[in-house]
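The primary structure of each chain is shown beneath.
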Amino acid sequence: MAHQHSSGVRLSPSSDTEDMAEMSKVLAPRLAYFAGVARTEHVTRAAQEMNVPQSTLSRAMVRLEQDLGVDLFARHGRTVSLTPAGRTFLTSVERALAEVERAAEEVRADADPATGKVAFGFLHTMGAETVPGLLQAFRAEHPRVRFSLVQNYGEAMLERLRAGELDLCLTSPVPDAPDLVARRLDEQKLRLVVPADHSLATRRRVRLAEAADEMFVTLEPGYGLRRITDDLCQEAGFKPRVAFEGEEAETLRGLVAAGLGVALLPPPAVPRPGVVELTVTAPRAVREIGVAWLDGHPDTPPVAAFKRFLLSRRGSLLPT
């Protein structure tokens, strides 16, 4: 195997970012070849084990040494032995190849139709009852599919979709963005929640305008339910006076029970003492629930199966 240092990409202190990127593209395909030759210390035997032509392997080793600017092998006819630099390089190469193989196994496992993984996001208000019921029903047919679950507010989940950290999310309002695909699945009635000793607590129904003078407790700006609350109050002819802002619906119920305000909230998973939940007759107080995913993002088989399952639940997503 002839050895010369006449050409090739050289790594030097003056290399810029483009040089490093080019170096990576040149080196990467040759690392497995290097590890095979280093393991057998024989080019012909390594070529046979890796099922590649000996000439291809020999040229790859020469070019690798040219690219690095160091001798990795001492040559003794058809056999080779590692130089000190080669032994140092082999340690890092074996570590890198093992990490690549580990990552490959992980993504193959995540994409397995039977045992793969779905990264699924949903609103806090859907975590107590809706999502557990959905997962139970889906896993009746796909018992080994794994889930990575994320609870968050709508905008944060959409950011994670765009970052590739989530495959699907249940959110409200249903997003309308050019880089996302969203499908309406169901709607959920919102109720005016008042303290048990409130003057409206003896009623079953109420017009939202009747709460115009009340202090409201709401989710923080940026939450979908906050935007819906503001829009409904505006439709009813007033701007809500906000006493407290929170991050979780059940915390708001606790604030209402403590007499600190009223709130527009979806039904609780379990009735809460100290509050009364009134049907809002006008305006129509609902929030749409939809599923969203990144447009053009390829689905693994388990993600595609769960997406089909969610779409099949249109109109029956939420517990009755």
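Everything below is about the structure shown above.
Analysis parameters
- Residues numbered from 1 in each chain as written.
- Predicted model: local features only at pLDDT ≥ 70, side-chain atom pairs only at ≥ 80, totals over all residues.
- Heavy atoms only, no water.
- 1 Å grid on protein atoms, 1.4 Å probe; cavity = no way out; pocket = protein on both sides within 12 Å on 5 of 7 lines; lining within 4 Å.
- Points joined across faces, edges and corners; volume = space filled by probe spheres on them.
- Nonpolar A, V, L, I, M, F, W, Y, C, P; charged D, E, K, R; others polar.
- Pairing = 2+ DSSP bridges.
- Helix = DSSP H or I, 4+ residues; strand = E, 2+ residues; numbered from the N terminus.
- Axes fitted to C-alpha atoms, helices over the stretch in contact; angles between N-to-C directions.

**Let's talk about empty space enclosed by the protein**
Considering all chains together, one arrives at two cavities of 30 Å³ or more under this definition. One number sums up the size of the largest cavity: a volume of about 130 Å³. Lining the largest cavity are 15 residues, with Leu-123, Thr-125, Leu-219, Tyr-223 and Arg-287 sitting closest to its centre. The residue makeup of the lining of the largest cavity, split by class, is six nonpolar, six polar and three charged.

**Thoughts on the sheet that holds strand E12 (residues 275-282)**
Judged by pairing direction, the sheet is mixed, and its four strands sit side by side in the order E8-E12-E7-E11 without closing on themselves. Two strands bound the open sheet, and with one partner strand each, they are strand E8 (205-207) and strand E11 (263-265). Going from strand to strand, the sheet's axes swing by 45 degrees on average, the running direction of each strand aside. For strand E7 (residues 191-195) and E12, the ladder comprises five bridges, and the chain directions are antiparallel. Looking at the pairing, Val-194 lines up with Val-276 of E12.

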